[in-house]
Amino acid sequence: MKVLLIGPPGAGKGTQAHKLGKEFDLPHLSAGQLLREAIEAETEAGKRARPYIDNGQLVPEEIVVKIMSREMFDRPGRDGFIADGFPRNIDQYEQLNRELDKRDEKIDVAIQLDLDEEDIVERLSGRMTCSECGRNYHVEFYPPETEGVCDACGGSLYERNDDNLKTIKQRLNVYRNESVPVIKELEKDGILERVDASGRIDEVFEKACEVIESRFHARAGNHD
Ligand code: AP5
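Residues numbered from 1 in each chain as written. Predicted model: local features only at pLDDT ≥ 70, side-chain atom pairs only at ≥ 80, totals over all residues. Heavy atoms only, no water.

Caption draft 1: Highlighting the overall build of the chain. Counting its secondary structure elements, the chain contains eight helices and eight strands. Taking the principal axes of the C-alpha coordinates as reference, the chain spans close to 45 × 40 × 35 Å. Burial status across the chain gives 49% buried among its 224 residues. The contacts of the chain with a sequence gap of at least 6 include a subset with a gap of at least 24, amounting to 71%. Carbon and sulfur atoms make up 44% of the accessible area of the chain, which totals about 11,500 Å². Side chains of the chain give 32 positive and 46 negative charges; the mean places of these two sets differ by 3 Å. (Helix = DSSP H or I, 4+ residues; strand = E, 2+ residues; numbered from the N terminus. Buried < 20%, exposed > 50% of the residue type's maximum accessible area, 1.4 Å probe, protein only. Contact = heavy atoms within 4.5 Å. Areas by Shrake-Rupley, 256 points an atom, 1.4 Å probe, with all protein chains shown as cover. Lys, Arg positive; Asp, Glu negative; His and termini not counted. Charge placed at Lys NZ, Arg CZ, Asp CG, Glu CD.)

Here is the structure:
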């Protein structure tokens, strides 16, 4: 099963993709997290990507498409995924479709998480991310059991550089200008499903599960 999660910054893509990956036994491929790992590892791609991420702009295609194609198509035995934050512009969507066509494969469903701007700012302002495994928490809505420590791996939690108001606004502009046209294409292609992301994490999760189950009957049921 190949699933895309798309939506504005802070809508909950990473949170839901992690849970859906466990539920449906699929790898969670986060473009943003893979780029942050490349930055942390100080690879050439990471060094080039850093200023774009810090300024809330899209990282150049040749970097992000290469990283995501490798994860989506080149890992032995990998037969599906939940891709979070990719594709983010029309060029990336066209490149993804070319790779899928070569293999006679297709995206099964693209889930758009909808959230208004006020909630986005509130969620991103309180986000804490694990420096080891990339898992997201929120100081109020989803706090870790021990302050500053990841429940899953014990890594320390940090605030992302791009979660300041100025960069959040820039990321929202990029979303409107570059990613909303992709949503229109996904709709034309008959694979778009919308999920209201304004409820609690488990409520949004149930709605996303229903969307996937309406196309498949394949829950693995691996919970945290
Ligand atoms: P990326 O890391 O993908 O950032 P983003 O799209 O801005 O999305 P976020 O990670 O900020 O939010 P999210 O929707 O995953 O929400 P989360 O689950 O964390 O990308 C970062 C940068 O990398 C981009 O700006 C760009 O520079 C680059 N990049 C990435 N992909 C690229 C691409 N394809 N092409 C080029 N460049 C690319 O939740 C947010 C917070 O809310 C958390 O604290 C969470 O605990 C909380 N929360 C989640 N759900 C709920 C809920 N239902 N109720 C209450 N709180 C909730």
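Caption draft 2: Spatial organisation of the site of the ligand. As a structural note, the neighbourhood of the ligand is formed by 35 residues, with Thr15, Gln57, Arg88, Arg127 and Arg171 the closest of them. The contact in question runs from an oxygen atom of the ligand to an N or O atom on the side chain of arginine 88, over 2.5 Å. In the model, an oxygen atom of the ligand is placed 2.9 Å from a nitrogen or oxygen of the asparagine 136 side chain. Alone, the ligand offers 1,000 Å² of accessible surface; in the complex the protein occludes 97% of this. (Near = heavy atom within 4 Å. Polar contact = N/O pair within 3.5 Å; in protein donor to acceptor, adjacent residues only side chain to side chain.)

Caption draft 3: Structural context of the sheet that holds strand β1 (residues 2-6). The parallel open sheet is built from five strands, whose spatial order is β2-β3-β1-β4-β8. Both outer strands of the open sheet, β2 (28-30) and β8 (192-196), are each paired with one neighbouring strand and no more. When strand polarity is set aside, the average angle formed by the axes of neighbouring strands in this sheet is 20 degrees. (Pairing = 2+ DSSP bridges. Axes fitted to C-alpha atoms, helices over the stretch in contact; angles between N-to-C directions.)

Caption draft 4: Focus on unusual backbone geometry. In this structure, the amide linkage connecting phenylalanine 86 to the following residue, proline 87, adopts the cis form with an omega of 0 degrees. With respect to the helices, strands and loops of the structure, proline 87 is situated in the loop between β3 (81-84) and α5 (90-102). In this structure, glutamate 42 is a non-glycine residue whose phi angle is positive, near 55 degrees. Tracing the chain through its elements places glutamate 42 in the loop between α2 (31-40) and α3 (44-54).

Caption draft 5: Here's a closer look at the pairing of β3. Alternating residues of β3 divide into Phe81 and Ala83 and Ile82 and Asp84, and every residue in both groups is buried. Direction of pairing for β1 relative to β3: parallel, over a ladder of four bridges. By the bridge assignment, lysine 2 is partnered in β3 with phenylalanine 81. Here β2 runs beside β3; their pairing, made up of three bridges, is parallel.

Caption draft 6: A look at the environment of aspartate 119. Note that aspartate 119 resides in helix α6 (residues 117-125). In this structure aspartate 119 comes out as partly exposed when scored by relative accessible area, which is 23%. Along the sequence, aspartate 119 and threonine 15 sit 104 residues apart, while their C-alpha atoms lie 15 Å from each other.

Caption draft 7: Region of the structure containing the sheet that holds strand β5 (residues 127-130). On the basis of which strands lie adjacent, the open sheet formed by three strands has the order β6-β5-β7 and antiparallel pairing. The open sheet terminates on both sides in strands that have one partner only, identified here as β6 (136-138) and β7 (157-158).

Caption draft 8: Structural view of α3. By the burial criterion, the buried members of α3 are Gly46, Ala49 and Ile53. Along α3, the residues classed as buried sweep out an arc of 70 degrees about the axis, all on the same side. Its buried side turned inward, α3 meets α2, α4 (61-73) and α7 (165-188). Just downstream of α3, glycine 56 is the residue with a positive phi angle, here 75 degrees. (Arc of directions from axis to C-beta.)

Caption draft 9: Seen up close, the nonpolar core. Counting 31 residues, the largest nonpolar core has Leu4, Leu35, Met68, Met72, Leu96 and Leu186 as its most contacted members. Elements that contribute at least two residues to this core include exactly β1, α2, α3, α4, β3, α5 and α7. For this core, the element with the most residues is α4, which contributes seven residues. Aside from chain neighbours lying at most four places away, what touches leucine 4 is Phe81, Ala83, Phe86, Pro87, Leu96, Ile107, Val109, Ala110, Ile111 and Leu186. (Core = buried A, V, L, I, M, F, W, Y, C linked by side-chain atoms within 4.5 Å.)

Caption draft 10: View of the pairing of β5. Residues Arg127 and Thr129 point to one face of β5 and Met128 and Cys130 to the other, with burial holding for every one of them. Across three bridges, β5 lies against β6 in antiparallel orientation. Directly across from threonine 129, in β6, lies its bridge partner asparagine 136. The hairpin formed by β5 and β6 contains five residues between the paired strands, and glycine 134 there has a positive phi angle of roughly 80 degrees. Pairing analysis gives two bridges linking β5 to β7, with the strands arranged antiparallel. When the bridges of β7 are listed, threonine 129 appears paired with tyrosine 158.

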